[in-house]
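Architecture at a glance
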Amino acid sequence: MGSVLWVLKSGKKVHGKVLGLYPYYVEIDLSSGEGLCTCSKGGNCEHVEAVRRAYENGAYFSEDSKLAEVNPEAVVWDFLIEVPTLAVEVSVKELISALKRDESGSETARLFFRTMELIELSGRKEYLHVLEEAFEEFTRVFPDYPLTERIGMELEALKGRARKAL
């Protein structure tokens, strides 16, 4: 089924992102109960139901704005960046998911950089071991990717700063 990464209520709609085989985006019309999903089923699927359950359980952000309708993920990240510890948890989940499916390495590299910045911002150094393990896998899959070396250098620098902070 996958894991609900985030849920946002905006007006009469609920938007969500679910990490499954791929990341799927969900939209639920609260007026009609109809759901839309970017998975191959396209409609009221297990991803829609997972987002609906998260919403019904109160696990959502709420924002009524035009941006929330057009780009709910941007609005969610505005909320998350205000709580860096939560932002790190979301970013790590997304990174691990991307590492399993990203054939080019591009999305995973972007998520490494974002996650490292969030770890530094939040002070959540306990996630460094997760990044180290993810980087080992990334290096195995993408040994010749141009950013592999840079990610490794930045990860080592982050670990060095974390040691000094102890």
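What you are looking at is a predicted structure, and each value in this text was computed from that prediction instead of being measured.

Here we look at the pairing of strand β2 (residues 13-19)
Burial analysis of β2 places six of its seven residues in the buried class, the great majority of the element. As paired strands, strand β1 (residues 3-10) and β2 are joined by seven bridges and run antiparallel to one another. Following the sheet pairing, S10 is matched in β2 by K13. The turn joining β1 and β2, which pair antiparallel and follow one another in sequence, is formed by two residues; a positive phi near 60° is taken by G11. Note that β2 and strand β3 (residues 23-29) share seven bridges and pair antiparallel. If you follow K17 over to β3, its bridge partner there is Y25.

Points about the environment of G152
Turning to its location among the elements, G152 is positioned in helix α7 (residues 148-165). Looking at G152, the relative accessible area reads 12%, which means it is buried. Distance from G152 to D29, taken between C-alpha atoms, is 43 Å for residues 123 residues apart in sequence.

Here we look at the packing of aromatic side chains
One pass over the structure, following the stated rule, counts seven aromatic pairs. Between F112 and F135, the aromatic rings sit 6.2 Å apart at their centres with planes inclined by 85°, giving edge-to-face as the arrangement. Of this pair, F112 sits in helix α5 (residues 106-122) while F135 sits in helix α6 (residues 128-141), placing them 23 residues apart in sequence. Among the aromatic residues, ring-to-ring pairing joins F112, F135, F138, F142 and Y145 into one connected group.

Some words on α6
With 14 residues, α6 should reach 20 Å at 1.5 Å per residue; the first-to-last C-alpha distance of 20 Å fits that figure. Residues L128, V130, L131, A134, F135 and F138 constitute the buried set of α6. The buried residues of α6 occupy an angular sector of 140° when the element is viewed end-on, so they sit on one face. More than 90 degrees from the buried face of α6, the exposed residues found are E133, E136 and R140. Of the surrounding elements, those touching the buried residues of α6 are α4 (84-101), α5 and α7.

Here we look at the nonpolar core
Judged by nonpolar contacts, the single largest core of 35 residues is most densely connected at F112, M116, I119, L131, F138 and I151. Secondary structure elements with two or more residues in this core: β1, α3 (72-81), α4, α5, α6 and α7. Contact partners of F138, with chain neighbours within four places excluded, come to L99, G105, T108, A109, F112, P143, Y145, T148 and I151.

About the thresholds
Residues numbered from 1 in each chain as written. Predicted model: local features only at pLDDT ≥ 70, side-chain atom pairs only at ≥ 80, totals over all residues. Heavy atoms only, no water. Buried < 20%, exposed > 50% of the residue type's maximum accessible area, 1.4 Å probe, protein only. Helix = DSSP H or I, 4+ residues; strand = E, 2+ residues; numbered from the N terminus. Pairing = 2+ DSSP bridges. Phe/Tyr/Trp six-rings, centres within 6.5 Å; stacked < 30°, edge-to-face > 60°. Expected span 1.5 Å × (residues − 1). Arc of directions from axis to C-beta. Contact = heavy atoms within 4.5 Å. Core = buried A, V, L, I, M, F, W, Y, C linked by side-chain atoms within 4.5 Å.

As far as function goes, none of this settles anything; it's purely spatial.
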